[in-house]
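# Examination of the molecular architecture
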Amino acid sequence: MNSPAFRLPSPIEELHDERVRRHGVRLYLKRDDLIHPEFTGNKWRKLRYNLAAAKEQGHSRLLTFGGAYSNHIAATAAAGHHFGFETVGVIRGEAHEPLNSVLAFSTRRGMVLTYHDRDTYRHKTDADVLDRLRAQFGDFYLLPEGGSNALAVKGCAELPAEIDIEFDTVCCACGTGGTLAGIAHGLRKNQTAVGFAALKGGDFLVGDVERLQREAFGAVSSNWTVRTEFHFGGFAKRRGELDAFIDDFEARHGLRLEWVYVAKMMYGVFALIEQGVFRSGERVVAVVTGPDQSFSS
Ligand SMILES: *Cc1c(COP(=O)(O)O)cnc(C)c1O
């Protein structure tokens, strides 16, 4: 088993930006995008305790679900490659050749892909669907879609303690809400977390974050909120305004923001600073949950 080098704790750096400074806010980036070249940052946090559990339970195979552009699928494939598991990815929809960059990367890391039509995919965790997958691929350790379960949330709960500066607020993007659920649990008294939904109609996230916190810790914390107005049309949808923000941010700071999640969060952070929601004197940490990924290696 060949463990690659992980950069943990991930670096924290202050972002010097006139649009932040003039409101008296201090903004820091938590660079989870630098944790490892093959694991989108928060996906590693979500996988690590699951990999330990899979090993401990004697599993040699991981199976998980995702869309064709899922960072979680790619991270699971990489985990299999680096930590000695076979991996199966159940992809929503039909097979398309040639494979897109995420799925091509996943197969290069040894993942076996199989496809569920949308109806079967909707029932993916039903016993008979899982039984069929077991008959086809053999026994497996099941990771949920997006990777969010109690162990994943516990992994994310370690993030705040890594931050060695004083801060008031942590901001992160939300897909399933697992990252937010963990981060909020890991905060100290008087600190709060704000999640930014990357998808339209993100109000369901409140219930999901509560459920994930209950599963992971047996209790729900009241120190977090979800902002749902920065989705730019929906999941993996973009608008010129977001692209302009990404280009401008790169020109100012030399960092190209991942657009599905991170750029929408960052846009929201700047908007809340502009609106005075984040107030003068407030120290805000924005988590860069992943890199502007190309899956080229
Ligand atoms: C998966 C992902 C998220 C969403 O994390 P959840 O725990 O599902 O809310 C955020 N940012 C990036 C870069 C991701 O890949």
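Residues numbered from 1 in each chain as written. Predicted model: local features only at pLDDT ≥ 70, side-chain atom pairs only at ≥ 80, totals over all residues. Heavy atoms only, no water.

As named in an unreviewed UniProt entry, the chain is 1-aminocyclopropane-1-carboxylate deaminase, taken from Lentzea albidocapillata. Annotation of the chain in UniProt includes, under Sequence similarities (unreviewed entry), the sentence "Belongs to the ACC deaminase/D-cysteine desulfhydrase family." Checking UniProt for the chain, the heading Cofactor (unreviewed entry) contains the comment "pyridoxal 5'-phosphate". (UniProt positions renumbered as here; feature names shortened; annotations may be inferred.)

A few words on the UniProt feature "modified residue: N6-(pyridoxal phosphate)lysine" (unreviewed entry) in the chain. With numbering aligned to this structure, UniProt lists the feature "modified residue: N6-(pyridoxal phosphate)lysine" (unreviewed entry) at Lys 43. Structurally, Lys 43 can be placed in helix α2 (residues 41-56). On the basis of relative accessibility, which here comes to 9%, the residue Lys 43 falls in the buried class. Those residues in contact with Lys 43 that sit more than four places away from it in its chain are Asn 71, His 72, Ala 75 and Gly 146. Here the side chain of Lys 43 touches Asn 42 through a polar contact of 3.3 Å, side chain to side chain. (Helix = DSSP H or I, 4+ residues; strand = E, 2+ residues; numbered from the N terminus. Buried < 20%, exposed > 50% of the residue type's maximum accessible area, 1.4 Å probe, protein only. Contact = heavy atoms within 4.5 Å. Polar contact = N/O pair within 3.5 Å; in protein donor to acceptor, adjacent residues only side chain to side chain.)

Domain boundaries in the chain define domain 1 (12-38 + 149-287) and domain 2 (42-147). One C-alpha centre belongs to domain 1, the other to domain 2; they are set 26 Å apart. Contacts between the two partners involve 18 residues from domain 1, matched on the other side by 19 residues from domain 2. At the boundary of domain 1 with domain 2, total buried surface from both sides reaches about 1500 Å², with 48% on carbon and sulfur atoms. Across the contact surface, domain 1 and domain 2 share 4 salt bridges. Run the count over domain 1 and domain 2 and you get 8 residue pairs in polar contact (both at pLDDT 80 or more). Mapped onto the side of domain 1 that touches domain 2, the elements with two or more residues apiece are α7 (150-156) and α8 (159-162). Residue contributions to the side of domain 1 that touches domain 2 peak at 5 residues, all from α7. When the residues that make up the side of domain 1 that touches domain 2 are grouped by side-chain class, the tally is 6 nonpolar, 5 polar and 7 charged. (Domains from an automatic or database assignment. Buried area = accessible area lost by both parts, 1.4 Å probe. Salt bridge = Lys/Arg side-chain N within 4 Å of Asp/Glu carboxyl O. Nonpolar A, V, L, I, M, F, W, Y, C, P; charged D, E, K, R; others polar.)

Applying the stated criterion across every chain yields a total of 26 salt bridges. A salt bridge links Arg 31 to Glu 13, with the shortest nitrogen-to-oxygen separation between them at 2.8 Å. Placement of Arg 31 in the loop between β2 (26-30) and α2 and of Glu 13 in strand β1 (residues 12-14) is noted, with a sequence separation of 18 residues between them. Taking relative accessible area as the criterion, Arg 31 reaches 10% and is therefore assigned buried.

With that out of the way, let us pick up helix α12 (residues 262-274). Compared with an ideal rise of 1.5 Å per residue, which puts 13 residues at 18 Å, α12 spans 18 Å between its outermost C-alpha atoms and is within 8% of the ideal. The element α12 is largely enclosed, with a buried count of 12 among its 13 residues. Within α12, the full set of buried residues consists of Val 262, Ala 263, Lys 264, Met 265, Met 266, Tyr 267, Gly 268, Val 269, Phe 270, Ala 271, Leu 272 and Ile 273. Phi turns positive, to about 80 degrees, at Gly 276, one or two residues after α12. (Expected span 1.5 Å × (residues − 1).)

Sheet architecture is open: 4 strands sit in the order β5-β4-β3-β6, paired in parallel fashion. At either end of the open sheet lies a strand with only one pairing partner, and these are β5 (112-116) and β6 (141-143). Shown here is a sheet whose adjacent strand axes are inclined to one another by a mean of 20 degrees, direction ignored. Helix α6 (residues 127-137) rests against β3 (61-66), β4 (86-92), β5 and β6 of the sheet, and its axis sits at about 150 degrees to β5. (Pairing = 2+ DSSP bridges. Axes fitted to C-alpha atoms, helices over the stretch in contact; angles between N-to-C directions.)

Let's shift gears to the nonpolar core. In this structure, Met 265, Met 266 and Phe 278 are the most contacted members of the largest nonpolar core, which totals 34 residues. For this core, the elements supplying multiple residues, two or more each, are β2, β7 (169-174), β8 (192-197), α11 (240-253), α12 and β10 (283-287). Among the elements that line this core, the one with the most residues is α12, at 10 residues. Those residues in contact with Phe 278, other than ones at most four positions away along the chain, are Val 25, Thr 169, Cys 171, Val 194, Val 269, Leu 272, Ile 273 and Val 284. Of all hydrophobic cores here, the second largest spans 24 residues; its members include Cys 172, Ala 184, Leu 212 and Trp 224. (Core = buried A, V, L, I, M, F, W, Y, C linked by side-chain atoms within 4.5 Å.)

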